[in-house]
Amino acid sequence: MRAQGAERIRTDWRVRSVVNPGCAFWHLRAPDEVTSVREYDSVVIGSAVYVDQWREPARDLIERLGSELAERPVWLFSSGPVGDPSRTVVQKMGADPVDLPAMMRATRAREHRMFAGRLERHHLTRRERVALAIFKNFEGDFRPWGEIENWADRIYAETAAATADTRALALA
């Protein structure tokens, strides 16, 4: 969900900006492209969770820019569990990343949300494809777009209410 989730949030915000002109400017960037967040009023950072941790580019961004991030509203989201949510192993995948408490402290994030993710065989290494063959029914798109859009709507309302000329950054 990483880039696609952030892209969906940004698209939703852009539609709202057209309806409410002059209200907000929203940008989407990959974490390794960002050298500063000083020009932004708020930031949304997302990452896939792999082996109980956020991916390295997002962790590195927070390590590099934690003090800048802590000076503005920040929201974090994770893309994690895949498969049938009634299965115990899938529920364990939905646990917060082990590095989340440190990231929340470093950014002073207002909130973290975990959303179900997507797993496609063609994006996997050979070793991961073998594991997928053993653990059946994990492949597919499990992203809850309605929940993601509702969350994005709430963030939009908070940031747009704060100032008429909000600049926000979505990272994934």
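Structure: above.
For the structure given in this document, a descriptive report is provided here. Everything numeric here is computed off the predicted structure, so don't read it as measured data. (Residues numbered from 1 in each chain as written. Predicted model: local features only at pLDDT ≥ 70, side-chain atom pairs only at ≥ 80, totals over all residues. Heavy atoms only, no water.)

### Looking at helix H4 (residues 100-107)
Inference 1: Those residues of H4 that sit buried are Leu 100, Met 103 and Thr 107. Relative to the axis of H4, the buried residues are bounded by an arc of 60 degrees and lie together on one face.
Inference 2: Where H4 is buried, its residues touch strand E3 (53-54), helix H2 (56-69), strand E4 (74-79) and strand E5 (111-115). (Buried < 20%, exposed > 50% of the residue type's maximum accessible area, 1.4 Å probe, protein only. Helix = DSSP H or I, 4+ residues; strand = E, 2+ residues; numbered from the N terminus. Arc of directions from axis to C-beta. Contact = heavy atoms within 4.5 Å.)

### Topic: the nonpolar core
Inference 1: With 18 residues, the main nonpolar core has Ile 45, Trp 54, Leu 69 and Leu 76 as its most contacted residues.
Inference 2: Only strand E2 (42-50), H2, E4 and H4 provide two or more residues apiece to this core.
Inference 3: Here this core gets five residues from one element, more than from any other, and that element is H2.
Inference 4: Judged by nonpolar contacts, the second largest core, of eight residues, contains Val 44, Trp 75, Trp 151 and Ile 155. (Core = buried A, V, L, I, M, F, W, Y, C linked by side-chain atoms within 4.5 Å.)

### Focus: the environment of Arg 64
Inference 1: Position of Arg 64 among the secondary structure elements: in helix H2.
Inference 2: Residue Arg 64 is classed as partly exposed on the basis of its relative accessible area, which comes to 36%.
Inference 3: Residues Arg 64 and Ser 36, spaced 28 residues apart in sequence, show a C-alpha to C-alpha distance of 9.0 Å.
Inference 4: Those residues in contact with Arg 64 that sit more than four places away from it in its chain are Pro 31, Asp 32, Val 34 and Thr 35.

### Here's the deal with unusual backbone geometry
Inference 1: The backbone phi angle of Arg 108 is positive, close to 55 degrees, even though this residue is not glycine.
Inference 2: The residue Arg 108 is located in the loop between H4 and E5 in this model.
Inference 3: Classification of Arg 108 as exposed rests on a relative accessible area of 60%.

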